[in-house]
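As a plain string of letters, each chain reads:
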Amino acid sequence: MKALLIVDIQNDFLPGGSLEVLSGDQIIQVINSLQSKYDLVIATQDWHPATHKSFASQHIERQVFDRINLNGIDQILWPDHCVQGTRGAQLADGLDQARIEAIFRKGIEPSIDSYSGFFDNDRLRNTGLHGYLRDRSVTEVHVCGLAADFCVHFTAMDALSLGYKTVVLSKATKTINREEYLAKKQAFIHAGGLFV
């Protein structure tokens with residue numbers, strides 16, 4: 001079975017959001033039009049506590065986009081975003097949710113970030129997504145959403161490492177940093193992933 005993974009189409013990543021991805025809203029209709037082509041549609045959702053340590057606001061004398069060592073992992077400090085229960089954390093109003101069978105939340109543990117829809121950044125905690133896909137006999141995943149160079153990339157890389165044929169739908173994603181995206185794209189292709 002083939003599944004569509006919709007990554008983090010949330011208000012805080014759209015224009016006007018606290019961690020806006022430039023033109024992120026432009027892919028919503030593309031994603032909506034793709035959904036009927038898949039046997040299974042799944043979404044992920046950043047779901048941070050207000051005290052999440054990836055937020056610059058939680059570190060004295062640190063600025064947004066500074067890099068720190070957080071429990072042995074390189075961590076970019078982000079603006080507060082996708083805080084549990086806020087409008088910014090909600091899936092975008094324009095996203096058709098009728099075919100979304102399940103939503104997997106990530107970034108819940110305050111002391112570690114979670115870019116991937118499968119695991120936190122230290123791979124200590126899984127979201128349950130892999131088990132869900134395995135139970136549904138999924139062998140191939142197509143990944144779209146926000147942002148290509150972070151949560152889409154790490155979700156796609158973990159899907160590959162777990163044995164799924166993995167495709168990133170380039171017309172249904174946007175990047176934060178194009179240069180970083182190009183380097184990560186090459187790593188994904190080298191690992192056996194496909195871009196269409």
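For the structure itself, look to the data block above.
Residues numbered from 1 in each chain as written. Predicted model: local features only at pLDDT ≥ 70, side-chain atom pairs only at ≥ 80, totals over all residues. Heavy atoms only, no water.

Engineer: Would you mind going over the overall build of the chain with me for this structure?
Structural biologist: Along the backbone of the chain there are four helices and eight strands. Listing every helix and strand of the chain by position from the N terminus yields β-α-β-β-β-β-α-β-α-β-α-β. Scaling as 2.2 N^0.38, a compact globule of 196 residues should have a C-alpha radius of gyration of about 16 Å, and the chain matches this with 16 Å. Relative to its full complement of 196 residues, the chain shows a buried share of 52%. In the chain, 72% of the contacts between residues at least 6 apart in sequence involve partners at least 24 apart. Counting only carbon and sulfur atoms, one obtains 49% of the accessible surface of the chain, whose full area is about 9000 Å². Across the chain, the mean location of the 19 positive side-chain charges is 7 Å away from that of the 23 negative side-chain charges. (Helix = DSSP H or I, 4+ residues; strand = E, 2+ residues; numbered from the N terminus. Rg over C-alpha atoms; globule rule 2.2 N^0.38 Å. Buried < 20%, exposed > 50% of the residue type's maximum accessible area, 1.4 Å probe, protein only. Contact = heavy atoms within 4.5 Å. Areas by Shrake-Rupley, 256 points an atom, 1.4 Å probe, with all protein chains shown as cover. Lys, Arg positive; Asp, Glu negative; His and termini not counted. Charge placed at Lys NZ, Arg CZ, Asp CG, Glu CD.)

Engineer: For this particular structure, what's the right way to read the packing of helix 3 (residues 148-161) against helix 4 (residues 178-190)?
Structural biologist: In contact at an axis separation of 10 Å, helix 3 and helix 4 are set at 10° when each is read in the N-to-C sense. The angle between the axes of helix 3 and helix 4 places the two elements in the roughly parallel class. Between helix 3 and helix 4, the residues in contact are Ala148, Asp149, Phe150, His153, Phe154, Ala156, Met157 and Leu160 and Glu180, Tyr181, Lys184, Ala187 and Phe188, respectively. (Axes fitted to C-alpha atoms, helices over the stretch in contact; angles between N-to-C directions. Parallel < 35°, antiparallel > 145°, perpendicular 65-115°, else oblique.)

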